[in-house]
Amino acid sequence: MPYDAVLVLSFGGPEGPDEVRPFLENVTRGRGVPPERLDAVEEHYQHFGGVSPINELNRRLVADLSRALRESGRDLPVYFGNRNWHPLAEDTVEGMARDGVRRALVFATSAYGGYSACRQYHEDIARAREAAIARTGSAPDLVKLRHFYDHPLFVASVADGVRAARETLDAGHDARLVFTAHSIPESADRTAGPPGEGGHRYSRQMSEAAALVAVAVDAPDHDLVWQSRSGPPQIPWLEPDIVDHLDDLHDRGVGAVVVSPVGFVSDHLEVVWDLDNEAAEHAGKLGMGFARAASAGSDPRFVEMVVELIAEQVDGAPVRALGAAPRAGVGCNGELCHAGCCEPTKRPPR
Ligand SMILES: CC1=C(CCC(=O)O)c2cc3nc(cc4[nH]c(cc5[nH]c(cc1n2)c(C)c5CCC(=O)O)c(CCC(=O)O)c4C)C(CCC(=O)O)=C3C
Ligand SMILES: [Fe+2]
């Protein structure tokens, strides 16, 4: 059966002061995140009037993707739905069913594997379809596109962000290149990937993406560190945090850094708060030069990449990948990439 639509599936974010707390409650329901952490994160959002940039960035992606698809001769309507905030995936998929969509491609706004970055999007797809079936009696088939962390256009987009950030620093090419990604619990990284692969698919893909970008920008060395740790303090998460890492680099005599959020596809709130505010301020205190590189989604080649991922899935166009890992992340109607892939770990009781 041919595809008749595309769904951009993302995380979602609040767009006003009253939306912040209910959004945070949606994100953390059943996750054992302490209320003090939620209070702190609420403040980050309120600092920006309760408006996360993520929905607006995704609406722009939807518009750019519609245009790029039309120009490539594939005039598919592009829908937008989220895991945690309006427009919610449930409502969007209901609308797709009412519009008569039978089979759609899903572009999830994460390049990587792992529970939060991949499997949870499969779960979102399954949940949204169930809601649409309950409300309308039917739902389109939804086929999720693959991980793209090693797609040449993703790597090139991140690399250009690094080059532009370097230009703003006196140290230029001598600034230390530091990549960041969302921290996850160590247990979630251990179970990331299909059984038998040895786990750690999230951090391994992240290291691979960082290394590919570092080669593209001719960096002599680089680091991969983590940001935006959540969860209760007694549970170990991936470390070091970017802020602690700046101290460490300072102690080692590093005078300037370029920080590239390779783990994210857009300059959303965790990027503009945790990097542009917290990390930048900390670097300032240390007297370190600091420049934050734009994420991949700021580059027009990012949309070109989505068009290519669609051509791969629909026409069997060649898979363009710079890494050695097998193509992963694809699943229909919430079916996992592999049986037992990226098992969620037990959550502590609240
Ligand atoms: C791997 C990963 C990605 C990358 C993949 C992807 O992009 O999907 C990501 C993206 C994002 N995370 C985001 C925001 C939040 N993440 C939280 C909490 C958590 N994230 C986790 C993981 C990830 N998160 C985890 C394991 C938790 C603990 C709770 C749980 O087990 O699920 C919390 C709760 C409060 C807190 O920070 O404690 C918030 C507010 C936003 C939106 C920013 C905006 O509004 O612009 C985006 C794009
Ligand atoms: Fe998150």
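Please read these numbers as outputs of a predicted model, since none were measured by experiment.

**Details of the overall build of the protein**
Summing up its helical and strand segments, the protein has 11 helices and 9 strands in all. Here the C-alpha atoms of the protein give a radius of gyration of 20 Å, agreeing with the 20 Å that 2.2 N^0.38 yields for 350 residues. C-alpha extents for the protein along the principal axes are approximately 60 × 45 × 45 Å. Counting across all 350 residues of the protein, residues that qualify as buried make up 55%. Of all intrachain contacts in the protein linking residues separated by at least 6 positions in sequence, the fraction that spans at least 24 positions is 79%. Accessible area for the protein stands at about 14500 Å²; split by element, carbon and sulfur atoms hold 51% of it.

**Some words on unusual backbone geometry**
A cis amide bond links His 86 to the next residue, Pro 87, at an omega of -5°. Looking at the element boundaries, Pro 87 is found in the loop between strand S2 (78–82) and helix H4 (89–98). Note that the residue after Glu 239, namely Pro 240, is joined by a cis bond; omega there is 0°. Counting through the fold element by element, Pro 240 comes out in the loop between strand S6 (222–227) and helix H9 (242–251).

**Concerning the UniProt feature "binding site: Fe-coproporphyrin III" (unreviewed entry) in the protein**
Under the UniProt annotation, "binding site: Fe-coproporphyrin III" (unreviewed entry) lies at Ser 52 and Tyr 121. For Ser 52, the location among the structural elements is in the loop between helix H2 (35–47) and helix H3 (54–71). On the basis of relative accessible area, Ser 52 is assigned to the buried category, the value being 4%. For Tyr 121, the location among the structural elements is in helix H5 (residues 115–136). Given the relative accessible area of 3%, Tyr 121 is considered buried.

**Brief notes about H2**
The end-to-end C-alpha distance of H2 is 18 Å, a good match for the 18 Å that 13 residues give at a rise of 1.5 Å each. Those residues of H2 hidden inside the fold are in contact with helix H1 (20–28) and helix H10 (269–286). After H2 finishes, the residue Gly 49 shows a positive phi value of roughly 65°.

**With respect to the sheet that holds strand S3 (residues 103–108)**
If you trace the 5 strands from one edge of the open sheet to the other, you get S2-S1-S3-S4-S9, paired in mixed fashion. Looking at strand neighbours, the two that pair on one side only are S2 and strand S9 (331–332), the edges of this open sheet. For strand S1 (residues 5–10) and S2, the ladder comprises 5 bridges, and the chain directions are parallel. If you follow Leu 9 over to S2, its bridge partner there is Gly 81. Along the sheet, H5 makes contact with S1, S3, strand S4 (141–144) and S9, crossing S4 at roughly 170°. Its contacts with the sheet place helix H11 (residues 300–315) against S1, S3 and S4, and it is angled at close to 140° to S3.

**Thoughts on the site of ligand 1**
In the region of ligand 1, 26 residues are neighbours, and Arg 37, Tyr 45, Ser 52, Tyr 121 and Ser 230 sit closest. The contact in question runs from an oxygen atom of ligand 1 to an N or O atom on the side chain of Arg 37, over 2.7 Å. One of the side-chain nitrogen or oxygen atoms of His 182 is found 3.1 Å away from a nitrogen atom of ligand 1. Look at ligand 1: alone it shows 870 Å² of surface, and the protein chains cover 97% of it. Among the secondary structure elements, those contributing two or more residues to the shell around ligand 1 are H1, H2, H5 and H10.

Procedures and definitions
For every chain, the first residue of the written sequence is number 1, and numbering continues from 1 along that sequence. Each chain is given a letter, starting from A, and each ligand a number, starting from 1, according to the order in which they appear as written. This being a predicted model, a pLDDT of at least 70 is required before a residue's local features are given, and a value of 80 or more before pairs of side-chain atoms are given or counted; all residues contribute to the totals for chains, interfaces and linings. In computing side-chain values, all of the structure's heavy atoms are included and hydrogens and water are not. Here a strand is any run of E in DSSP of at least two residues, a helix any run of H or I of at least four, and the numbering for each starts at the N terminus. For the radius of gyration, the atom set is restricted to C-alpha positions; the globular benchmark scales as 2.2 Å times the number of residues to the power 0.38. Residue burial is assigned from relative accessible area. The probe radius is 1.4 Å, only protein chains are included, and a residue is buried under 20% of its type maximum, exposed over 50%, and partly exposed in between. We call two residues in contact whenever any of their non-hydrogen atoms come within 4.5 Å of each other. Here the Shrake-Rupley method, with its probe set to 1.4 Å, supplies the accessible areas, and only the displayed protein chains count as covering residues. UniProt positions are given in the numbering used here, feature names are shortened, and annotations may be inferred rather than shown by experiment. An expected span of 1.5 Å times one less than the residue number is assigned to each helix. For two strands to pair, DSSP has to find at least two bridges joining them. Helix axes are fitted to C-alpha atoms over the stretch in contact, other axes to C-alpha atoms as well, and angles between N-to-C directions run from 0 to 180 degrees. Only heavy atoms are used to decide nearness, and a residue is near a molecule or strand if one of them lies within 4 Å of it. Contacts described as polar in this section are N or O atom pairs within 3.5 Å, which, within protein, must combine one atom able to donate a hydrogen with one able to accept it, while residues neighboring in sequence count only if both atoms come from side chains.

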